[in-house]
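Chain and residue survey
Here is what each chain is made of, one letter per residue.
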Amino acid sequence: MLVRRGRRSGLFTMVAVHSTARGPSLGGCRMWTYDDSRAAMRDVLRLSRAMTFKAAVAGLPLGGGKGVIMLRPDEAVLTPERREAALLDFGDTVESLGGDYLTAEDVGTSEEAMETIATRTKHVTGLAAGSGDPSPWTALGCEVSLRTTCEYAFGTSDLSGRTVAVIGLGNVGARLAELLHEGGAELIVADVDQSKRELAERLGATWTDPHTAMTAEVDVLAPCALGGVLNDDTLPALRCKAIAGAANNQLASDELDTALAERGILWAPDFVCNAGGLINIAVELEPDGYSTERADTNVRAVGDTLRQIFDSAASSNTTPLRAALELGRERLSAA
Ligand SMILES: NC(=O)c1ccc[n+]([C@@H]2O[C@H](COP(=O)([O-])OP(=O)(O)OC[C@H]3O[C@@H](n4cnc5c(N)ncnc54)[C@H](O)[C@@H]3O)[C@@H](O)[C@H]2O)c1
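Nothing here was measured: the structure is a model prediction, and the numbers come from that model. (Residues numbered from 1 in each chain as written. Predicted model: local features only at pLDDT ≥ 70, side-chain atom pairs only at ≥ 80, totals over all residues. Heavy atoms only, no water.)

Quick look at the site of the ligand now. Around the ligand, the surrounding shell holds 22 residues, and the nearest of these are T138, N171, V172, D191 and A225. Within the side chain of D191, an N or O atom sits 2.7 Å from an oxygen atom of the ligand. Take K196: an N or O atom from its side chain is 3.0 Å from an oxygen atom of the ligand. Taken by itself the ligand offers 830 Å² of open surface, and the protein chains cover 71% of this. Residues belonging to the shell around the ligand are distributed by class as follows: 11 nonpolar, 7 polar and 4 charged. (Near = heavy atom within 4 Å. Polar contact = N/O pair within 3.5 Å; in protein donor to acceptor, adjacent residues only side chain to side chain. Areas by Shrake-Rupley, 256 points an atom, 1.4 Å probe, with all protein chains shown as cover. Nonpolar A, V, L, I, M, F, W, Y, C, P; charged D, E, K, R; others polar.)

Below, the structure is given as structure tokens:
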């Protein structure tokens, strides 16, 4: 864990390298407000561990890492000059790790932020000249995962007539909704941002509020907004048969995987479904450089990973979450 106070911005920049067992650690740079540096350090460590498992389960030659630029509550929005200073400071922190950590976009940073960081270090991914915006690839991986989940829950991956509730029509959710619509699914969609209603109309989807969508009687629920949406309050009210979506950390606690299984709801682990963006970035690091065709093939392989997890869960009488974590551990210890 490296924590440095930036010489230009005076802000804390942090990088946690959780594992390099399978390759250099990779994870986004989160620019976020924290009450104090301990809270930021806890967050960056937790997120870096999650990246280790996401990369290992996806079979990528990458480890897990994460970066944070810590904003203070009294300066939650930076002026353009201060933002640039903070990004340059973060670039110096990344550079000082000599390639053990590769950075990428995350909450609060964008492709443009990566371009700024790249002026201080070459250990940056997701630049326009490389793999670019990860969101469409995350959406593709989610669509493939959702189809695979349907295969196990309903015996077919065909989406025609399948009812799906998509919660959160942001960069990933909006694209996922389009893909599902193209596949013939009937959609219920929700977002706290009313401007997303336009997309609902264009797709002929039923627009509703997030709570109604969450508890709608549908075949599949696709959470694509915040984490923690599957919790002690929402779980008893669910009326879906399967869940596959992009949101990170959907389960408020890991033990809820058992409660979902007991209710007969098939949950596709979020870090498997949403690995498409990371898989796309990994293509940029291959010896031949980035290629859209290889990205497409590799992202679609999420379906095979998920099949392996569902099969292993069924044969060992465990939950998909436990089977996925076990697969991650096996791959890490074999590295
Ligand atoms: N972008 C990626 O490539 C990527 C990769 C892996 C995981 N994820 C995860 O997927 C999720 C979505 O990512 P994104 O990039 O689309 O984010 P985004 O910020 O573009 O979109 C999030 C959407 O959710 C909506 N929203 C916020 N709170 C809501 C609520 N309570 N109910 C309903 N809608 C709400 C927002 O208005 C917004 O439209 C996040 O959890 C993110 O961590 C994204």
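On to the nonpolar core, then. The nonpolar side chains of a soluble globular protein tend to be buried with one another. Formed by 65 residues in total, the largest nonpolar core has its most connected members in L187 and L238. With sequence-adjacent residues up to four places away left out, L187 is seen in contact with V164, V166, A177, L180, H181, L203, A205 and T206. Among the nonpolar cores identified, the runner-up in size contains 19 residues, and L102, A104, W137 and L140 belong to it. (Core = buried A, V, L, I, M, F, W, Y, C linked by side-chain atoms within 4.5 Å. Buried < 20%, exposed > 50% of the residue type's maximum accessible area, 1.4 Å probe, protein only. Contact = heavy atoms within 4.5 Å.)

In this section: the domain arrangement of the protein. Under the domain assignment used here, the protein contains domain 1 (2–48 + 64–117) and domain 2 (135–274 + 305–330). Inter-centroid distance (C-alpha atoms) of domain 1 to domain 2 is 30 Å. (Domains from an automatic or database assignment.)

The next thing to look at is a nonpolar patch on the surface. There is a patch of nonpolar side chains on the surface, built from M1, V3 and L45 and spanning about 240 Å² of accessible area. Assessed through its relative accessible area of 44%, M1 is described here as partly exposed. (Patch = residues over 30% accessible without salt bridge, like charges linked within 9 Å, V, L, I, M, F, W, Y side chains within 5 Å. Salt bridge = Lys/Arg side-chain N within 4 Å of Asp/Glu carboxyl O.)

This part takes up the sheet that holds strand β4 (residues 63–71). Across the sheet, which stays open at both edges, the 5 strands sit in the order β1-β2-β4-β3-β5 with mixed pairing between neighbours. At either margin of the open sheet sits one strand with a lone partner, and together these are β1 (2–5) and β5 (101–104). The mean inter-strand angle of the sheet, taken between neighbouring strand axes irrespective of direction, is 25 degrees. Against the sheet, helix α2 (residues 80–96) makes contact with β1, β2 (12–19), β3 (25–33), β4 and β5, and its axis sits at roughly 35 degrees relative to β2, the strand it touches most. (Pairing = 2+ DSSP bridges. Helix = DSSP H or I, 4+ residues; strand = E, 2+ residues; numbered from the N terminus. Axes fitted to C-alpha atoms, helices over the stretch in contact; angles between N-to-C directions.)

With that settled, the discussion passes to the pattern of salt bridges. In this structure the tally under the stated criterion is 22 salt bridges. Measuring nitrogen to oxygen at the nearest pair gives 3.7 Å for the salt bridge that ties E75 to R72. When its relative accessible area of 33% is taken as the criterion, R72 is described as partly exposed. Of the charged contacts in the structure, one is a salt bridge between D219 and R162, with a shortest N-O distance of 3.5 Å. Here the residue D219 occupies a position in the loop between α7 (210–214) and β9 (220–223), and R162 occupies one in the loop between α4 (135–154) and β6 (163–167), the gap between them amounting to 57 residues. We classify R162 as buried; its relative accessible area is 14%.

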